[in-house]
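Given next are the chains, with one letter for each unit.
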Amino acid sequence: MLGIKEIEEIIPHRHPFLLIDCIEELEPGVRAVGYKAVTFHEDFFRGHFPQEPVMPGVLIVEALAQTGAVAILSVPENKGKVAYFGAINNAKFKKKVVPGDRLKLECEIIKQKGPVGVGRAIATVDGKVAVAAELTFMIG
């Protein structure tokens, strides 16, 4: 299992934009499974929405991308590089994520050619899909 310190050695994100608490499974260059404990104290809940706090879908997609970045950047030849968004395709938002949820983040690299690749990403809460998308990345 990778904690915050180990994750920060792989990807450049830092608080408050590091959206992964831990990585439970890692196959470098192939897949990663991580978690985000969603608390009421997240900065974004102050404005989204004060009466009914909901984690913004774009931040769930970002958490998935960070999980995929851990997978792709943990390969020795990518050490110290950054994975940038190239595209977000077929994104489906199926369930609200709210304070108290434990968000499971899974990303499997399904294609890669040179510095460009695609990950199949799924975020779930209690086994129910919250977000699913295909994420294209470029390693720079």
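Predicted model only: the values in this text are computed from it and were never measured. (Residues numbered from 1 in each chain as written. Predicted model: local features only at pLDDT ≥ 70, side-chain atom pairs only at ≥ 80, totals over all residues. Heavy atoms only, no water.)

A. Structural view of the overall build of the protein chain. On a plain count of helices and strands, the protein chain comes out with two helices and six strands. Walking the protein chain from its N terminus toward its C terminus, one meets helices and strands in the order α-β-β-α-β-β-β-β. Computed over the C-alpha atoms, the radius of gyration of the protein chain is 14 Å, within 12% of the 14 Å expected from 2.2 N^0.38 for a compact globule of 140 residues. Judged by the C-alpha coordinates and their principal axes, the protein chain covers about 45 × 30 × 25 Å. (Helix = DSSP H or I, 4+ residues; strand = E, 2+ residues; numbered from the N terminus. Rg over C-alpha atoms; globule rule 2.2 N^0.38 Å.)

B. Region of interest: the side chain of His13. Along the chain, His13 falls in the loop between helix 1 (4-10) and strand 1 (22-27). Relative accessible area serves as the criterion here: at 17%, His13 is assigned to the buried category. A polar side-chain atom of His13 sits 3.4 Å from a polar atom in the side chain of Glu62. Those residues within four positions of His13 in sequence are excluded, and the remaining contacts are Glu8, Leu18, Glu62 and Gln66. (Buried < 20%, exposed > 50% of the residue type's maximum accessible area, 1.4 Å probe, protein only. Polar contact = N/O pair within 3.5 Å; in protein donor to acceptor, adjacent residues only side chain to side chain. Contact = heavy atoms within 4.5 Å.)

C. Just the environment of Ile110, in detail. In this structure, Ile110 sits in strand 4 (residues 102-113). On the basis of relative accessibility, which here comes to 29%, the residue Ile110 falls in the partly exposed class. Residues contacting Ile110, with those up to four places away along its chain left out, are Val118, Gly119, Arg120 and Glu134.

D. Fine view of the UniProt feature "active site" (unreviewed entry) in the protein chain. When the UniProt feature table is mapped onto this chain, "active site" (unreviewed entry) is found at His48. Owing to a relative accessible area of 25%, His48 belongs among the partly exposed residues under this scheme. (UniProt positions renumbered as here; feature names shortened; annotations may be inferred.)

E. Representation of the pairing of strand 1. Bridge count between strand 1 and strand 2 (residues 31-37): five bridges; the pairing is antiparallel. Following the sheet pairing, Leu26 is matched in strand 2 by Ala32. In this antiparallel pair of consecutive strands, strand 1 and strand 2, the connection spans three residues, and Gly29 shows a positive phi of 80 degrees. (Pairing = 2+ DSSP bridges.)

F. Representation of the side chain of Ser74 in the model. Topologically, Ser74 is positioned in the loop between helix 2 (57-73) and strand 3 (83-93). Non-local contacts of Ser74, meaning those with residues more than four positions away in its chain, are made with Ile10, Leu26, Pro28, Gly29 and Ala69.

G. Representation of the pattern of salt bridges. Across all of its chains, the model carries six salt bridges by this definition. Note that Glu42 and Lys36 form a salt bridge whose closest N and O atoms lie 3.1 Å from each other. Pair check on accessibility: Glu42 and Lys36 agree, each one buried. Measuring nitrogen to oxygen at the nearest pair gives 2.3 Å for the salt bridge that ties Glu52 to Lys96. With a gap of 44 residues between them, Glu52 in the loop between strand 2 and helix 2 and Lys96 in the loop between strand 3 and strand 4 connect regions that are remote in the sequence. On the basis of relative accessibility, which here comes to 42%, the residue Glu52 falls in the partly exposed class. Under the relative-accessibility criterion, Lys96 is labelled partly exposed at 45%. (Salt bridge = Lys/Arg side-chain N within 4 Å of Asp/Glu carboxyl O.)

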